[in-house]
Amino acid sequence: MTNMVFRFATVQGKTIQWFLRRNCALTPTQLGWFYLSLCVVSLGIGAVFWFQGAVLVLWFAWAELLAVGAAFLLYARHATDGERIYLQDGRLVVEFENAGRLERAEFRREWVRVEPRLGDRSLIEVSGQGRSIDVGRFVRPELRPVLAKEIRMALRGA
């Protein structure tokens, strides 16, 4: 296992781990601070117009902030989505987090199959012992075969 070279995995002792995440520019906390600053600016401008007699501007500012807030909330809900795959002690464990919901599947190393779901550029299906889970959502489609090959190589070498 020590002479294997991985593109996506990290090796710590006898554990090989793949940590695949969504490529997000802002964390939910940063997004919250940005939204707060946006609220201050928009409502400040709306208040100026309110005091000058243009009362509708403030209502449109509130509507805009509600729409942007809903979009930011949806973004923040999925910003921490990811897949964690690790091979340890003869077990391959796959954990998939989507909008705070965790899906986990555990397989014995010798019973695992790693195959493309439909074709070379599709998600990778990890299956065995009557269970299956798709991985590779956060890897570009042209790199999914590389990831599948890497997981198979680690399973053979473990």
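Look above for the structure.
Each chain has its residues counted from 1, running along the sequence as written. Where local features are concerned, this predicted model is filtered to residues with pLDDT of at least 70; where side-chain atom pairs are given and counted, the filter is 80 or more; whole-chain, interface and lining totals use all residues. Note that water and hydrogens are dropped before the side-chain values are worked out from all heavy atoms of the structure.

**Describing the overall build of the chain**
Scanning the chain for helices and strands turns up three helices and eight strands. Per the convention used, a helix needs a DSSP run of H or I reaching at least four residues, while a strand needs a run of E reaching at least two, with both numbered from the N terminus. For the chain, the sequential pattern of α-helices and β-strands runs β-β-α-α-β-β-β-β-β-β-α. On the principal axes, the C-alpha backbone points of the chain span a range of 75 × 30 × 25 Å. For every residue, the accessible area (1.4 Å probe, protein chains only) is compared with the maximum for its type, and the residue is labelled buried under 20%, exposed over 50%, or partly exposed between those bounds. The proportion of buried residues among the 158 residues of the chain is 32%. Between two residues, a contact is recorded if the distance between any of their heavy atoms is within 4.5 Å. In the chain, 48% of the contacts between residues at least 6 apart in sequence involve partners at least 24 apart.

**Re the packing of helix H1 (residues 28-51) against helix H2 (residues 55-78)**
For any two helices packed against each other, the geometry is given by the interaxial angle and the distance between the axes. Interaxial distance between H1 and H2 falls to 8 Å at its minimum, and their mutual angle equals 170°. Taken together, the axes of H1 and H2 are roughly antiparallel relative to one another. When residues are grouped by polarity, Ala, Val, Leu, Ile, Met, Phe, Trp, Tyr, Cys and Pro land in nonpolar, Asp, Glu, Lys and Arg in charged, and all others, Gly among them, in polar. Among the residues forming the contact of H1 with H2, the class breakdown is 22 nonpolar, three polar and one charged. Lines fitted to the C-alpha atoms define the axes, with helices restricted to the stretch that makes contact. Angles between their N-to-C directions range from 0 to 180 degrees. Each angle gets one of four labels, with under 35 degrees taken as roughly parallel, over 145 as roughly antiparallel, 65 to 115 as roughly perpendicular, and the rest as oblique.

**Section: the nonpolar core**
Side-chain atoms within 4.5 Å are what join buried Ala, Val, Leu, Ile, Met, Phe, Trp, Tyr and Cys residues into a set we call a nonpolar core. Counting 26 residues, the largest nonpolar core has Trp 18, Ile 85, Leu 92, Val 126 and Ile 151 as its most contacted members. Elements that contribute at least two residues to this core include exactly strand S2 (15-21), strand S3 (82-88), strand S4 (91-98), strand S5 (101-108), strand S7 (124-128), strand S8 (131-135) and helix H3 (144-157).

**Regarding the sheet that holds S7**
At least two bridges found by DSSP between two strands is the condition for calling them paired. With antiparallel pairing, three strands are arranged side by side in an open sheet as S6-S7-S8. The open sheet has two free edges, formed respectively by strand S6 (113-116) and S8, since each of these has just one partner strand. Between one strand axis and the next, the sheet turns by 25° as a mean value, whatever way the strands run. Most of the contacts of H3 go to S6, to which it runs at about 170°, and overall it touches S6 and S7.

**Section: the sheet that holds S2**
Reading across the sheet, the five strands line up as S1-S2-S3-S4-S5 and stay open at both edges, with antiparallel pairing between neighbours. Every interior strand has two partners, whereas the edge strands, strand S1 (9-12) and S5, have only one. Across the sheet, the mean angle from the axis of one strand to that of its neighbour is 15°, orientation sign disregarded.

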